[in-house]
Amino acid sequence: MSGPQRTGTGGGSRRAVVTGLGVVSPHGTGVEAHWKAVADGTSSLGPVTREGCADLPLRVAGEVHGFDAAETVEDRFLVQTDRFTHFALAATQHALADARFGRADADSPYSVGVVTAAGSGGGEFGQRELQNLWGQGSRHVGPYQSIAWFYAASTGQVSIRNDFKGPCGVVAADEAGGLDALAHAALAVRNGTDTVVCGATEAPLAPYSIVCQLGYPELSRAAEPDRAYRPFTDAACGFAPAEGGAVLVVEEEGAARQRGADVRATVAGHAATFTGPGRWAESREGLARAIEGALAEAGCRPEEVDVVFADALGIPEADRAEALALADALGPHAARVPVTAPKTGTGRAYCAAPVLDVATAVLAMEHGLVPPTPHVLDVCHDLDLVTGRARPAEPRTALVLARGLMGSNSALVLRRGAAPAGSR
């Protein structure tokens, strides 16, 4: 296997920093609702209630309830887009407001870019239009069917709605693509773009989308919410899927300070590898190399990592590989560093899952609290997994991990606030 791919997030004089967070998750819409539930160890997993899903074998998921896209998105954008893009548009507005970033803060439309990741695309929109086609005829299929399902739809719509004309793109790298999107944003900042709106949102709980997912042997078929997603335990039986996601505002540190923005975290290092679909034992080496590459780019020693946000797939072989990868990359520190997987309380939202973890990691460093891993009690690996209740701490460096079902591995290092002068 070749060495890890690095995106250059940590080098050069231009540093990428996080100034705004926007969240739409099963815990609620907005950072406050999400963080309160995460810090309390709340679980939002529950029975699948979406229309048309009652007879499908997927029983438990993390649904976003009470979300009204019309509260933040104009009608003309709503009719063109799928639910996953509605989440992205809403989360973007929350992130921009959180960063206190308005049109007057951009030197020009070309100084702001957009990068998102998506794994499932607009399945609900596509299903509806295909039903119209076969039930009523082609005249009843709208023109937006050609674009609303597409993985790049969120990037395009966020860019169009906000008049952002800087570097834009979409990352297709499995679930790990969520972290890779943040790394691409940091790279764009390093290469001269002042601001990048980045993240991932997913809406994979329409019937057609669920049927596609049923081909994944890793998908949990458990019927009880408290048993459906229990990684790192003997009872692990797969993962519960979820919808929602997060969007971050990433800026060049100097530009952020010049406009008086609060620097919440520094994107310090990233690396990615590929080990192939379903090869969970091999993901040990791939994930370890990604961790080592991210730490090297961040100029971070293993013992400096204060908290790990685990990928936590929920498959015994994959969980064991992740625990061993941490031991390989962090050495003895792997058994001491607090590890958490808050996604067991929301479900695994594919590309959006690690971006939610990044947002949660920023909040954890700000609040001095490592959130617990819901539903997990008896850990069967040599990890200091935080369970039960949140643990008071003073984390300054967070390591966020992600793996995809098709074999991508990614690791991202975040530093609290601004990087110290003279650091990489």
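The chain carries the name Ketosynthase chain-length factor in an unreviewed UniProt entry, which gives Streptomyces hyderabadensis as its organism. The annotation that UniProt attaches to the chain under Sequence similarities (unreviewed entry) is "Belongs to the thiolase-like superfamily. Beta-ketoacyl-ACP synthases family."

Engineer: Hey, could you run me through helix 12 (residues 352–367) in this one?
Structural biologist: Spacing of three or four residues puts side chains on the same side of an α-helix, whose turn is 3.6 residues. Here helix 12 spans 22 Å end to end across 16 residues, near enough to the 22 Å set by a 1.5 Å rise per residue. Summarising burial for helix 12: 14 of the 16 residues are buried, a large majority. Gly368 sits one or two residues past helix 12 and shows a positive phi near 60 degrees.

Engineer: Would you explain the nonpolar core in this entry?
Structural biologist: Across soluble globular proteins, nonpolar side chains have a tendency to be buried as a group. Counting residues in hydrophobic clusters, the biggest one holds 52 residues, and the most contacted among them are Ile291, Val305, Val308, Leu326, Leu330, Leu399 and Leu401. Mapped onto this core, the elements with two or more residues apiece are strand 5 (60–61), strand 10 (265–274), helix 10 (283–298), helix 11 (316–330), strand 16 (397–403) and strand 17 (408–416). Top element by residues in this core is helix 10. It accounts for 7 residues. Setting aside its immediate chain neighbours within four residues, Leu401 contacts Leu179, Leu287, Ile291, Val308, Phe309, Ala310, Asp311, Glu322, Leu326, Ser410 and Ala411. Leu179, Val250, Cys351 and Val386 belong to the second-largest nonpolar core, a separate cluster that totals 50 residues.

Engineer: Explain helix 11 here, please?
Structural biologist: For helix 11, built from 15 residues, the straight-helix expectation of 21 Å at 1.5 Å per residue is met to within 8% by its first-to-last C-alpha distance of 21 Å. Where the residues of helix 11 are buried, they touch helix 10, strand 11 (307–309) and strand 16.

Engineer: What is the right way to look at the layout of surface pockets in this model?
Structural biologist: A probe matching the size of a water molecule, rolled over the atoms, marks out where space remains unfilled. Of the volumes computed, that of the largest pocket is approximately 490 Å³. Around the largest pocket, the lining is made up of 24 residues, and of these Gly119, Ser120, Gly121, Tyr151 and Cys212 lie nearest the centre. Counting residues per element, the ones that place at least two in the lining of the largest pocket are helix 4 (123–136) and helix 8 (207–213). For the lining of the largest pocket, the class distribution of residues is 11 nonpolar, 10 polar and 3 charged.

Engineer: Sorry, what's going on with the packing of aromatic side chains here?
Structural biologist: For any pair of aromatic rings, the description consists of the separation of the ring centres together with the inter-plane angle of the planes. Counted by the stated rule, this structure contains 6 aromatic pairs. Between Trp149 and Phe150, the ring centres sit 5.4 Å apart and the planes meet at 65 degrees, which makes this aromatic pair edge-to-face. Overall, the relative accessible area of 37% leaves Trp149 in the partly exposed class. Seen in terms of ring centroids, Phe239 and Tyr350 are 5.8 Å apart; in terms of plane orientation they differ by 85 degrees. Their pairing is edge-to-face. Taken together, the residues Phe239 in the loop between helix 8 and strand 9 (244–252) and Tyr350 in the loop between strand 12 (338–340) and helix 12 connect sequence positions 111 residues apart. Relative accessible area serves as the criterion here: at 0%, Phe239 is assigned to the buried category. A relative accessible area of 7% places Tyr350 in the buried class.

Engineer: Would you take a moment to explain the pattern of salt bridges for this structure?
Structural biologist: Pairs can form between side chains of opposite charge whenever their charged atoms are close. In total, this model carries 24 salt bridges according to the counting rule given. Put simply, Lys36 and Asp40 hold a salt bridge, and the shortest N to O gap is 3.0 Å. Here the residue Lys36 and the residue Asp40 both occupy positions in helix 1 (residues 31–40), the gap between them amounting to 4 residues, near one helical turn. Measuring nitrogen to oxygen at the nearest pair gives 3.1 Å for the salt bridge that ties Glu285 to Arg289. With Glu285 and Arg289 both in helix 10 and 4 residues apart, the pair spans about one turn of that helix. A network of salt bridges, in which partner residues are shared, links Glu175, Asp311, Glu322, Arg348 and Arg403.

Engineer: What's the story with a nonpolar patch on the surface in this structure? I'm lost.
Structural biologist: Side chains of Trp149, Phe150, Tyr151 and Val170 sit close together on the surface and give an oily, nonpolar patch of about 360 Å² of accessible area. Looking at the element boundaries, Val170 is found in strand 7 (residues 168–171). We classify Val170 as partly exposed; its relative accessible area is 36%.

Engineer: What am I meant to see in the environment of Gly102 here?
Structural biologist: Relative to the assigned elements, Gly102 resides in the loop between helix 3 (83–98) and strand 6 (112–117). The spacing of Gly102 and Val17 is 85 residues in sequence and 17 Å in space, taken between C-alpha atoms.

Conventions we followed
The written sequence of each chain sets the order in which its residues are numbered from 1. Local features are withheld for residues below a pLDDT of 70 in this predicted model, meaning they are given only at 70 or higher, and side-chain atom pairs are given and counted only at 80 or more; totals for whole chains, interfaces and linings count all residues. Hydrogens and water molecules were not included; the side-chain quantities draw on all heavy atoms of the structure. UniProt positions are given in the numbering used here, feature names are shortened, and annotations may be inferred rather than shown by experiment. Helix and strand assignments follow DSSP, with helices taken as H or I runs no shorter than four residues and strands as E runs no shorter than two, numbered in order from the N terminus. In this scheme, a helix's expected span is set at 1.5 Å multiplied by one less than its residue total. Residue exposure (1.4 Å probe, protein chains only): buried if accessible area is under 20% of the type maximum, exposed if over 50%, otherwise partly exposed. Within this scheme, the nonpolar core is defined by two criteria: the residues are buried Ala, Val, Leu, Ile, Met, Phe, Trp, Tyr or Cys, and they are joined through side-chain atoms within 4.5 Å. The contact rule is simple, with two residues in contact once any of their heavy atoms fall within 4.5 Å. Only protein atoms enter the 1 Å grid used here, on which a cavity is any set of points holding a 1.4 Å probe that cannot leave and a pocket is any open set flanked by protein within 12 Å on both sides along at least five of seven lines; residues with an atom within 4 Å of a point are listed as lining. Grid points are joined across faces, edges and corners, and a volume is the space filled by probe spheres set on the points. Only Asp, Glu, Lys and Arg are considered charged in this grouping, and only Ala, Val, Leu, Ile, Met, Phe, Trp, Tyr, Cys and Pro are considered nonpolar; every other residue, Gly among them, is considered polar. Each aromatic pair joins two rings of Phe, Tyr and Trp (for Trp, the six-membered one) with centres within 6.5 Å, and gets the label stacked for planes under 30 degrees apart, edge-to-face for over 60, and tilted for any other angle. Any Lys or Arg side-chain nitrogen found within 4 Å of a carboxyl oxygen on Asp or Glu counts as a salt bridge. Patch membership is restricted to residues that have no salt bridge and whose relative accessible area is over 30%. Joining uses 9 Å for like charges and 5 Å for the nonpolar side chains Val, Leu, Ile, Met, Phe, Trp and Tyr. The Shrake-Rupley method, run with a 1.4 Å probe, gives the accessible areas here. Residue values count only the displayed protein chains as cover.

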